[in-house]
Amino acid sequence: FASREEEHINQMWKFLSIVFQILLTLSDGFDVGLTQTRRRYSSVLAVRAHRNAFHQQYLHDTNENEGVYVATCIPGLSSVLADELQAIGAPLVEKTGNAAVRFTADTETALRALIWCRTPHKIMELLCESPPTVQTRDDLYHFVRETVPVKDLVGDGKGGLLTLSVSTLLNNPSRLPKDINHSHYTALTVKNAICDEVRDLRGDRPDVSTENPDLPLVAVVRGMSSGRAGGGESNVPPSAQFSLFRQIHHGSLHRRGYRSTIHKAAMKESLAAGLLLNAEWHKQCAKHKEQHEEPLVLIDPMAGSGTLLLEGMFIAGDVAPHVLRLKCGLEPALAHQFPPITRWKHGKMSVGQLWKDLLLEASQKAKNGLRYLKGVNNNKRPMYFVANDFHGGALDLLDESMETAGVGDLVNVQEAGCREFVPRLPQDISSTPWTVVCNPPWGVRLTEEIEESWESLRVFLRETCPEGTMAHVLSGNAKATKHLGLRRSASLPIQVGTVQMRWIQYLMQKPEKQKDFAFANVSSQQHSKESPPLSVSRNSRQPPESSYRRPIPVSLPKKKQKVAAAVPSDETNEWLID
């Protein structure tokens, strides 16, 4: 009997020990689960508090169509971009650095920014922004599911779903937590969170498209702390701030579509436009239209493929960048005709019709602007655009761009060395101060004859330009700039890639010597529909001789001259968009 009792007691102790171990395990799991629940609940509260503070800071209006947007640009042009956004009616604009601007806008203002702004590369609407406490992919996943309004975001308003894509930008990657410092897996986490939320709501998932998505999402992850040890510093666990945007367009907005072949030293169209806006070329044009002063002259003595000159002409003619994209057939054409913002839900607003109306308005302005530049209304050219370069191959690219854009009869193209270059202008505007813009070679993409190029530019500015001429020169080489021997009146720092550059302004006063100008055989009073202004085409350029310092004849041989054909009053109808 005693042995049986002992056996029962041993079995009971074994049973109790197993139960005790199970209870310990459950207790540990309960503590872990409770900790995770408390952490997630605290995160949700922090997210809600951050979101409320964010909306109170930026969204003062109760307009349901108002949102917060971010526009990016080349570093150094954020002030120019901010001025552009204010000009189109954005109520609140603030720079968030030297390469981005944050602004509030309703749907119509956002559409106008897409059509008219010349300096941005991306325009994105901010959907959500987390506190700087994201540490793992799990944190990111739950933040997206708890914060992003997928019902309004992914639905197409017709019972279907929009196609989407997700790309990632990592800021301060060295300070990011290891779990979220990979762009591909971070984008995958965001995509999975959105798709899982949609699946739980309606049982299916949105499709992913990389070519022409309806909803191009951009996830920005910004490292907030380094987590480094040593040097007397306490260890700080790395964390990140996460922001999710939806891009209102496809591709980069710096592209206009008129350049089929790009020169190796060509600048981006957005950079050229931003530099001209900084030089207040648009204000000169607006003042001239109001006061009808003497004709303006824009000259590029080292034009290359002519990006600066073409952008200056489009600014003067009120030709919107997005009208150019449609006119020149920039691919993918469908993505520019119907950008993503026109496919989203906007309440009861008919965004498609609004988009068409704004495009027709911009197209009509482009038509009227080109007629104005051609002098169709008053038989007098209000502005002259002169491009010169020593290299015929670069000017061939300029000819192609002008032909694609349909503005070949507005630019006087000459082929000469900068030292010998004399612009062909009507005689009665010989003393009118010019606006000179130039991007000389300074030793990165073009490395040949740098000193000779800058010396030639110095001769042109000092001896050829009339007194009062305002010259703007882009340089990435301080030693090369010294060859000009001029005192600058203003300077704007610009960063292109890893190169620090300067957009330098010079006011030409009391020139040492004035050259005899080679005037065209027509004056501005003689410009009419039957006798349009002189426009030297590619076929009429003089072939360069072996010597670099080739003299330019005072008058062109009659066989070499080519006057542009009269421009019919309805030629600019091609700028109207059906």
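See the structure shown above.
Predicted model, so just to flag it, every value in this text is computed and none were measured. (Residues numbered from 1 in each chain as written. Predicted model: local features only at pLDDT ≥ 70, side-chain atom pairs only at ≥ 80, totals over all residues. Heavy atoms only, no water.)

Asker: Please explain the overall build of the chain as it appears in this structure.
Answerer: Per the secondary structure count, the chain includes 15 helices and 14 strands. Counting the 578 residues in the chain, one finds 49% classified as buried. (Helix = DSSP H or I, 4+ residues; strand = E, 2+ residues; numbered from the N terminus. Buried < 20%, exposed > 50% of the residue type's maximum accessible area, 1.4 Å probe, protein only.)

Asker: Just to check I follow, could you spell out the sheet that holds strand β2 (residues 92–95) for this structure?
Answerer: Two orientations exist for strands paired in a sheet by backbone hydrogen bonds: parallel and antiparallel. Across the sheet, which stays open at both edges, the seven strands sit in the order β2-β3-β1-β4-β7-β6-β5 with mixed pairing between neighbours. Among the strands making up the open sheet, the edge pair consists of β2 and β5 (164–171). When the angles between neighbouring strand axes are averaged without regard to direction, this sheet yields 30°. One ladder, built from eight bridges, connects β5 with strand β6 (residues 215–223); its direction is parallel. Its bridge partner being in β6, Val-166 is matched across the sheet by Leu-217. (Pairing = 2+ DSSP bridges. Axes fitted to C-alpha atoms, helices over the stretch in contact; angles between N-to-C directions.)

Asker: In this structure, what is going on with the pattern of salt bridges? I would like to understand it.
Answerer: Pairing between side chains becomes possible if they bear opposite charge and their charged atoms approach one another. Summed over all chains, the structure comprises 21 salt bridges. With its nearest N and O atoms 3.3 Å apart, the salt bridge here joins Asp-179 to Arg-137. With a gap of 42 residues between them, Asp-179 in the loop between β5 and α6 (183–202) and Arg-137 in helix α4 (residues 137–147) connect regions that are remote in the sequence. When its relative accessible area of 31% is taken as the criterion, Asp-179 is described as partly exposed. Measuring nitrogen to oxygen at the nearest pair gives 2.8 Å for the salt bridge that ties Arg-202 to Asp-204. Arg-202 sits in the partly exposed class, given a relative accessible area of 41%. (Salt bridge = Lys/Arg side-chain N within 4 Å of Asp/Glu carboxyl O.)

Asker: What is the right way to read the sheet that holds strand β12 (residues 470–475) from this model?
Answerer: Overall, mixed pairing links the seven strands, which are arranged β10-β9-β8-β11-β12-β14-β13 in an open sheet. Strands at the two margins of the open sheet, each flanked by one partner only, are β10 (411–415) and β13 (490–496). Geometrically, the sheet is characterised by an average inter-axis angle of 15° between neighbouring strands, direction not taken into account. Its contacts with the sheet place helix α7 (residues 269–278) against β11 (435–438), β12, β13 and β14 (499–507), and it is angled at close to 165° to β13. The sheet strands contacting helix α14 (residues 450–464) are β8 (296–300), β11 and β12, and the helix crosses β12 at an angle near 170°. (Contact = heavy atoms within 4.5 Å.)

Asker: Just to check I follow, could you spell out the packing of aromatic side chains for this structure?
Answerer: Each aromatic ring pair is described using two quantities: the centre-to-centre distance and the angle formed by the ring planes. As enumerated under the stated definition, the model contains five aromatic pairs in all. Plain terms: the ring middles of Tyr-69 and Phe-103 are 5.5 Å apart, the flat faces sit at 20° to each other, and that makes the pair stacked. Of this pair, Tyr-69 sits in strand β1 (residues 67–72) while Phe-103 sits in strand β3 (residues 100–105), placing them 34 residues apart in sequence. Here Tyr-69 falls in the buried class, since its relative accessible area comes to 3%. Here Trp-434 and Phe-460 contribute two aromatic rings whose centre-to-centre distance is 6.4 Å and whose plane-to-plane angle is 25°, an arrangement assigned as stacked. One end of the pair, Trp-434, is in the loop between β10 and β11; the other, Phe-460, is in helix α14, with 26 residues separating them in the sequence. Like Trp-434, the residue Phe-460 is buried in the burial classification. Counting every residue linked through ring pairs, the aromatic cluster contains Phe-421, Trp-434 and Phe-460. (Phe/Tyr/Trp six-rings, centres within 6.5 Å; stacked < 30°, edge-to-face > 60°.)

Asker: I'm lost on the packing of helix α3 (residues 107–116) against helix α12 (residues 351–374) in this one. Help?
Answerer: For any two helices packed against each other, the geometry comes down to the angle between their axes and how far apart the axes lie. Contact geometry for α3 and α12: axes closest at 10 Å, N-to-C directions at 40°. When the axis of α3 is compared with that of α12, the two are oblique. Seen along the crossing, α3 lies across α12 with a hand that is right-handed. Only Val-351, Leu-354, Trp-355, Leu-358, Leu-359, Glu-361, Ala-362 and Lys-365 of α12 make contact with α3, whose side of the interface consists of Thr-107, Glu-108, Leu-111, Arg-112, Leu-114, Ile-115 and Trp-116. Class assignment for the residues of the contact of α3 with α12 results in ten nonpolar, one polar and four charged. (Parallel < 35°, antiparallel > 145°, perpendicular 65-115°, else oblique. Left-handed = near helix turned anticlockwise from the far one by under 90°. Nonpolar A, V, L, I, M, F, W, Y, C, P; charged D, E, K, R; others polar.)

Asker: Looking at this model, I keep getting lost on the nonpolar core. Mind explaining?
Answerer: In a soluble, globular protein the nonpolar side chains are often hidden away together inside. Grouped together as the largest cluster of nonpolar side chains are 131 residues, with contacts concentrated most on Leu-85, Phe-242, Trp-281, Phe-385, Leu-457 and Phe-460. Broken down by element, the residue count for this core peaks at ten residues, all from α12. Beyond its immediate stretch of four places on either side in the chain, Leu-85 contacts Ala-90, Val-93, Val-101, Phe-103, Ala-113 and Cys-117. Core analysis: the second largest hydrophobic core is formed by eight residues, Val-70, Ala-100, Met-124 and Val-220 among them. (Core = buried A, V, L, I, M, F, W, Y, C linked by side-chain atoms within 4.5 Å.)

Asker: What am I meant to see in α3 here?
Answerer: The periodicity of an α-helix, 3.6 residues per turn, causes residues three or four positions apart to be oriented the same way. The buried fraction of α3 amounts to eight of the ten residues, a majority that puts the element mostly inside the structure. Taken together, the buried positions of α3 are occupied by Thr-107, Thr-109, Ala-110, Leu-111, Ala-113, Leu-114, Ile-115 and Trp-116. Among the structural elements, β1, α2 (78–87), β3, β4 (122–129), α10 (321–327) and α12 are those in contact with the buried residues of α3.

Asker: Looking at this structure, I do not really get a nonpolar patch on the surface. What am I missing?
Answerer: Among the surface-exposed residues, Ile-9, Met-12, Trp-13, Phe-15 and Leu-16 lie close enough to one another that they form a single nonpolar patch of about 580 Å² accessible area. Here Met-12 shows up in helix α1 (residues 2–58). (Patch = residues over 30% accessible without salt bridge, like charges linked within 9 Å, V, L, I, M, F, W, Y side chains within 5 Å. Areas by Shrake-Rupley, 256 points an atom, 1.4 Å probe, with all protein chains shown as cover.)

Asker: I tried to follow unusual backbone geometry on my own but got confused; where do I start?
Answerer: Backbone phi values are negative for most residues with the exception of glycine, while trans is the configuration of most peptide bonds. Of note, the amide linkage connecting Glu-331 to Pro-332 takes the cis form, showing an omega dihedral of -5°. Among the structural elements, Pro-332 can be located in the loop between α10 and α11 (333–337). Phi at Asn-172 takes a positive value of approximately 55°, unusual for a residue other than glycine. Looking at where Asn-172 falls in the secondary structure, it is placed in the loop between β5 and α6.

Asker: Would you take a moment to explain the packing of α7 against helix α9 (residues 307–316) for this structure?
Answerer: α9 packs onto α7 with a crossing angle of 60° between their chain directions and a minimal axis gap of 9 Å. With respect to α9, the element α7 is oriented oblique. When the axes of α7 and α9 are compared, the crossing they make is right-handed. Here Glu-269, Ala-272, Ala-273, Leu-276 and Leu-277 of α7 lie close against α9, whose contacting residues are Thr-307, Leu-308, Glu-311, Gly-312 and Ile-315. Of the residues contributing to the contact of α7 with α9, the split by class is six nonpolar, two polar and two charged.

Asker: I'm lost on the pairing of β2 in this one. Help?
Answerer: Looking down a regular strand, the side chains alternate between one sheet face and the other. Pairing of β2 with β3 involves four bridges; the strand directions are antiparallel. In the strand pairing of β3, Leu-92 is matched with Thr-104. Hairpin remark: β2 followed by β3, antiparallel, with four residues in the connecting loop; positive phi at Gly-97, about 155°.

Asker: What exactly am I supposed to notice about the environment of Arg-102 here?
Answerer: Tracing the sequence through the fold places Arg-102 in strand β3. Here the alpha-carbon distance between Arg-102 and Leu-92, two residues ten residues apart in the chain, equals 8.2 Å. A distance of 3.3 Å separates the side chain of Arg-102 from the side chain of Glu-129, its partner in a polar contact. (Polar contact = N/O pair within 3.5 Å; in protein donor to acceptor, adjacent residues only side chain to side chain.)

As far as function goes, none of this settles anything; it's purely spatial.
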